[in-house]
Amino acid sequence: MRRTLALLALAGASMIALAFLVPLGIFVREGAAARAMTEAERQASALVPVLAITVNPDRLPHALASTGAQDRIAVHLPNGGTVGTVRAPAQTVAAVSRLNRAVTAETDSGYLLLRPVTLDGNRTVVIEVFVPAQELTRGVTSSWAVLTGVAVVLVAGSVLVADRLGVRVVRSARRLGRAASALGAGDLTVRIEPEGPPELVAAGEAFNTMAEHVVQLLAAEREMAADLSHRLRTPLTALRLSLDHLGPEAEPSRHSLGRLEAEVDQIIAAAREPSRAPEFVFCDAAEVLRERLTFWSALADDQQRRWELIGAEAPVRVPVASTELSAVMDALLGNVFRHTPQGAAFTVTLHQGSGTVGILVADGGPGIPDPAAALRRGASGSGSTGLGLDIARQLAESSGGDLRIDRSSLGGTRVQLWFRTDRRDRTPRAARRLVRNRWPGAVRRLGRSRWSRAARTP
């Protein structure tokens, strides 16, 4: 914007300066020529009274010297004689002597002013005044230099004023843009001091108002989430009292209930914390897959399911938190156990490509009739809310990747979870995940705890 304003000011000021300079330059040049010719007319007129008294060639040189330019003045006498330095051709002088007005003639080195003077006895004397070419342009160069300097100063001043205006506008716009980016990245404390043109001041005030509303809305949602999580403690307490009466055989259930209570406490604590900007984290996808498959293998063996983990031998770095990836894998594997018959095989494949990492979960179940609907929360069918697939899709999109569903080679469903590993700036994605990042992984940990209880209960 600064460059554009400076160029506009330069173009506008240059056009205005040229519109005035060109006529002024021509006027100055013509004025100098007019002054030179006027001076020649004055010198010729100064000789007219002398010629009216005498045309004696012996007396005229003194009169020519009195003009101060005797080397440029000549007098053509009636008898054909001349006094002074003659430059005009004889035929030109003869033609002028028959006229009653002054005539100018151009030569190689300047101009000649020929003025006829009629004396008594019908005699005619022609006064010749030579005007050198340099006299016609005397002072023109210096005048043009002054005009050019004035024009340069005016143009430079216009560009400087436009640049200062551009700096003011650009500084305000950049400050507003940085504040918007910081707010989108999760920094809810960012505010700006509106400045600049009235339009940008209004935009800055609107941004501050919007930020305050966002903070209020998120605070209300945090309170609501904390309140809802707190309400879960009453039924959990009742459930613990019931399990305490069952004796030692209910110890696994009491252990799972303890973990569930801990997750609820984490949700409440996370909901009470102020919002923070999301941090860019990484984890080893291979290690997470090995850990989760080890956990789910016990239930798979109980249900006589063949399972296989492929490609998880070497570390594979993905730009997500290990807790979130673990929660997503629990949700996807939980869907396999929940929506496929016992004995149906499944495989988990870790694929590392150029700038991408893919986790493919394939099963030998009946498949999903409408994969597009399965990605919409609450529309996946089979009594499922679609929350697990939605969480998986959002986790993949947070790294710039995506989630795909198609038919697996085992005959059932294959869920493809793709992550981008070559992106350094994921601020736009992170901004869209601002609400979920207010309590990182809490909802997913609650879902994982639910799947963990299901896995421990054959």
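Details of the structure are given in the entry above.
Residues numbered from 1 in each chain as written. Predicted model: local features only at pLDDT ≥ 70, side-chain atom pairs only at ≥ 80, totals over all residues. Heavy atoms only, no water.

Caption draft 1: Local environment of the overall build of the chain. If you tally the helices and strands in the chain, you get 14 helices and 12 strands. A total of 458 residues make up the chain; the buried ones form 40% of that total. Taking the contacts inside the chain whose residues are at least 6 apart along the sequence as the reference set, 65% of them involve residues at least 24 apart. Surface summary for the chain: the accessible area is close to 24900 Å², and the carbon and sulfur share equals 57%. (Helix = DSSP H or I, 4+ residues; strand = E, 2+ residues; numbered from the N terminus. Buried < 20%, exposed > 50% of the residue type's maximum accessible area, 1.4 Å probe, protein only. Contact = heavy atoms within 4.5 Å. Areas by Shrake-Rupley, 256 points an atom, 1.4 Å probe, with all protein chains shown as cover.)

Caption draft 2: Inspection of the packing of helix α9 (residues 285–302) against helix α10 (residues 322–339) at higher detail. α10 packs onto α9 with a crossing angle of 35° between their chain directions and a minimal axis gap of 10 Å. Handedness of the α9/α10 crossing: right-handed. Two secondary-structure elements touch here, α9 through Ala285, Val288, Leu289, Arg292, Leu293, Trp296, Leu299 and Ala300 and α10 through Ser322, Leu325, Ser326, Met329, Asp330, Leu333, Gly334 and Phe337. Grouping the constituent residues of the contact of α9 with α10 by class yields 11 nonpolar, 3 polar and 2 charged. (Axes fitted to C-alpha atoms, helices over the stretch in contact; angles between N-to-C directions. Left-handed = near helix turned anticlockwise from the far one by under 90°. Nonpolar A, V, L, I, M, F, W, Y, C, P; charged D, E, K, R; others polar.)

Caption draft 3: Structural context of the sheet that holds strand β11 (residues 402–407). Within the open sheet, the 5 strands sit side by side as β7-β9-β10-β12-β11. Their pairing is mixed. Two strands bound the open sheet, and with one partner strand each, they are β7 (307–310) and β11. Shown here is a sheet whose adjacent strand axes are inclined to one another by a mean of 15°, direction ignored. Here 4 bridges tie β7 to strand β9 (residues 346–352), and the two strands are oriented parallel to one another. Looking across to β9, one finds that isoleucine 310 is bridged to threonine 349. Packed on one face of the sheet, α10 meets β9, β10 (356–363) and β12 (413–420) and runs near 25° to β10. (Pairing = 2+ DSSP bridges.)

Caption draft 4: Region of interest: unusual backbone geometry. One non-glycine residue, glutamine 304, lies in the positive phi region at around 55°. Checked against the element boundaries, glutamine 304 lands in the loop between α9 and β7.

Caption draft 5: Structural view of the nonpolar core. Core analysis: the biggest nonpolar cluster contains 37 residues, and Leu325, Val348, Leu350 and Ile359 have the highest contact counts within it. For this core, the elements supplying multiple residues, two or more each, are α9, α10, β9, β10, α12 (387–398), β11 and β12. Each residue touching leucine 325, except ones within four places of it in the same chain, is listed here: Cys283, Ala285, Val288, Val318, Val320, Ile359, Leu395 and Phe419. (Core = buried A, V, L, I, M, F, W, Y, C linked by side-chain atoms within 4.5 Å.)

Caption draft 6: Quick look at the environment of threonine 82. Secondary-structure assignment places threonine 82 in strand β2 (residues 82–84). With residues near it in sequence (within four places) discarded, threonine 82 still touches Val75 and His76.

Caption draft 7: Up close: the pattern of salt bridges. Tallied over the full model, the rule gives 14 salt bridges. As a salt-bridge pair, arginine 164 and aspartate 163 come within 2.8 Å of each other at their nearest N and O atoms. When the shortest N-O distance is used, the salt bridge between arginine 404 and aspartate 402 registers 3.3 Å. In the salt-bridge network here, residues are joined through shared partners; they are Arg171, Arg175 and Glu195. (Salt bridge = Lys/Arg side-chain N within 4 Å of Asp/Glu carboxyl O.)

Caption draft 8: Expanded view of the packing of aromatic side chains. Under the definition given, this model contains 3 aromatic pairs. Each ring, one from phenylalanine 295 and one from tryptophan 296, has its centre 5.6 Å from the other, and the planes form 90°; the classification is edge-to-face. Residue classification places tryptophan 296 among the buried residues on the basis of a relative accessible area of 1%. Between tryptophan 296 and phenylalanine 337, the aromatic rings sit 5.2 Å apart at their centres with planes inclined by 25°, giving stacked as the arrangement. With tryptophan 296 in helix α9 and phenylalanine 337 in helix α10, this residue pair connects regions lying 41 residues apart in the sequence. No difference in accessibility class separates tryptophan 296 from phenylalanine 337, as the two residues are buried. When the ring centre of phenylalanine 130 is taken as origin, the NZ or CZ atom of arginine 87, which lies over that ring, is 4.3 Å away. Between the NZ or CZ atom of arginine 292 and the centre of the ring of phenylalanine 295, over which it lies, the distance is 4.6 Å. (Phe/Tyr/Trp six-rings, centres within 6.5 Å; stacked < 30°, edge-to-face > 60°. Lys NZ or Arg CZ within 6 Å of the ring centre and 35° of its normal.)

Caption draft 9: How the structure looks around the side chain of serine 172. By secondary structure assignment, the location of serine 172 is in helix α5 (residues 140–184). In contact with serine 172, not counting residues within four places along its chain, are Glu195, Gly196 and Leu200.

Caption draft 10: Layout of the environment of arginine 420. Checked against the element boundaries, arginine 420 lands in strand β12. What makes arginine 420 partly exposed here is its relative accessible area of 28%. Between the alpha carbons of arginine 420 and serine 398 there is a distance of 9.0 Å; along the sequence they are 22 residues apart. Those residues in contact with arginine 420 that sit more than four places away from it in its chain are Pro319, Gly355, Thr356, Ser399, Gly400 and Gly401. Of note is the side chain of arginine 420, whose polar atom sits 2.9 Å from the side chain of aspartate 422. (Polar contact = N/O pair within 3.5 Å; in protein donor to acceptor, adjacent residues only side chain to side chain.)

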